[in-house]
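Structure at a glance
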Amino acid sequence: MNLREAGGVLTFAADQEVGAGDIPLPVSGRALPEVPPTHRTAFQLVPMHVGRANIVAGFLNQAFGSGRELDIRTDIPSNTLLLRGTMEMLERAAEMIEVLDHVRDWARTLDARKEATVENAV
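Computed from a prediction, not measured in an experiment: that's the story for all the values here. (Residues numbered from 1 in each chain as written. Predicted model: local features only at pLDDT ≥ 70, side-chain atom pairs only at ≥ 80, totals over all residues. Heavy atoms only, no water.)

1. Comments concerning the overall build of the chain
Rule in force here: Helix numbers and strand numbers start at the N terminus; a helix is a DSSP run of H or I with at least 4 residues, a strand a run of E with at least 2. Burial status follows relative accessibility: with a 1.4 Å probe on protein chains alone, a residue under 20% of its type maximum counts as buried, one over 50% as exposed, and anything between as partly exposed. What makes two residues a contact is simply this: any of their non-hydrogen atoms within 4.5 Å.
Along its length, the chain carries four helices and five strands. When the helices and strands of the chain are read in sequence order from the N terminus, they spell out β-β-α-β-α-β-β-α-α. In the chain, buried positions account for 22% of the 122 residues. Partitioning the intrachain contacts of the chain with sequence separation of at least 6 by distance along the chain shows that 52% fall at a separation of at least 24.

Have a look at this one:
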């Protein structure tokens, strides 16, 4: 999809070099108001607090597969995930991300407990 501005007017034109699997949302119809919300494509930007975006994305790809229901992109510099899918898939992914983003916290807590136990034993 090409976007051009001329005199304050935006013009959209279909890009002739787009592959069949990369049809833009306005052209594919998945973003039209007639599409029920359950089937409409939604986007969610998820910042990681503890985990690394690329590692969490790997777990999500294993759990959900690399199909068209959930598309997962990472932005390494900002440590964020960009999710694209149905609202149901985004909700499922968000629940999993919440757990995965804190796994390292649990590991640190366990390590601290082990160290405290060893120090108390000595």
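So that's the structure; there's more coming.
2. Focus on helix 2 (residues 53-64)
Convention followed: Helix span is expected to be 1.5 Å times the residue number reduced by one. Taking the helix axis as origin, the arc is that swept by the directions to the C-beta atoms.
With 12 residues, helix 2 extends 16 Å between its outermost C-alpha atoms, agreeing within 8% with the 16 Å of an ideal straight helix rising 1.5 Å per residue. When we look at burial in helix 2, the residues that qualify are Ala 53, Val 56, Ala 57, Leu 60 and Phe 64. Down the axis of helix 2, the buried set is contained in an arc of 100°. They therefore lie on one face. Of the residues flanking the end of helix 2, it is Gly 65, one or two places downstream, whose phi is positive at about 80°.

3. Quick notes on the sheet that holds strand 5 (residues 80-85)
Backbone-to-backbone hydrogen bonds join strands into a sheet, with any given pair of strands oriented parallel or antiparallel. What counts is decided by this rule: Strand pairing follows a simple DSSP-based rule, namely that at least 2 bridges must link the two strands. In this description, a line fitted to the C-alpha atoms serves as the axis of each element, helices being fitted only across the stretch in contact, and the angle between N-to-C directions of two axes falls anywhere from 0 to 180 degrees.
Ordered by their spatial adjacency, three strands build an open sheet running 3-5-4, and the pairing between neighbours is antiparallel. With one partner strand each, in any of the chains shown, strand 3 (42-47) and strand 4 (70-75) form the two edges of the open sheet. Taken over all neighbouring pairs, the strand axes of this sheet differ in orientation by 20° on average, direction set aside. Alignment of strand 3 against strand 5, held across six bridges, turns out to be antiparallel. Within the sheet, the bridge partner assigned to Ala 42 lies in strand 5 and is Gly 85. Seen against the sheet, helix 2 touches strand 4 and strand 5 and runs at an angle of roughly 170° to strand 4. Across the sheet, helix 3 (residues 87-100) lies against strand 3, strand 4 and strand 5, angled at about 150° from strand 5, the strand it touches most.

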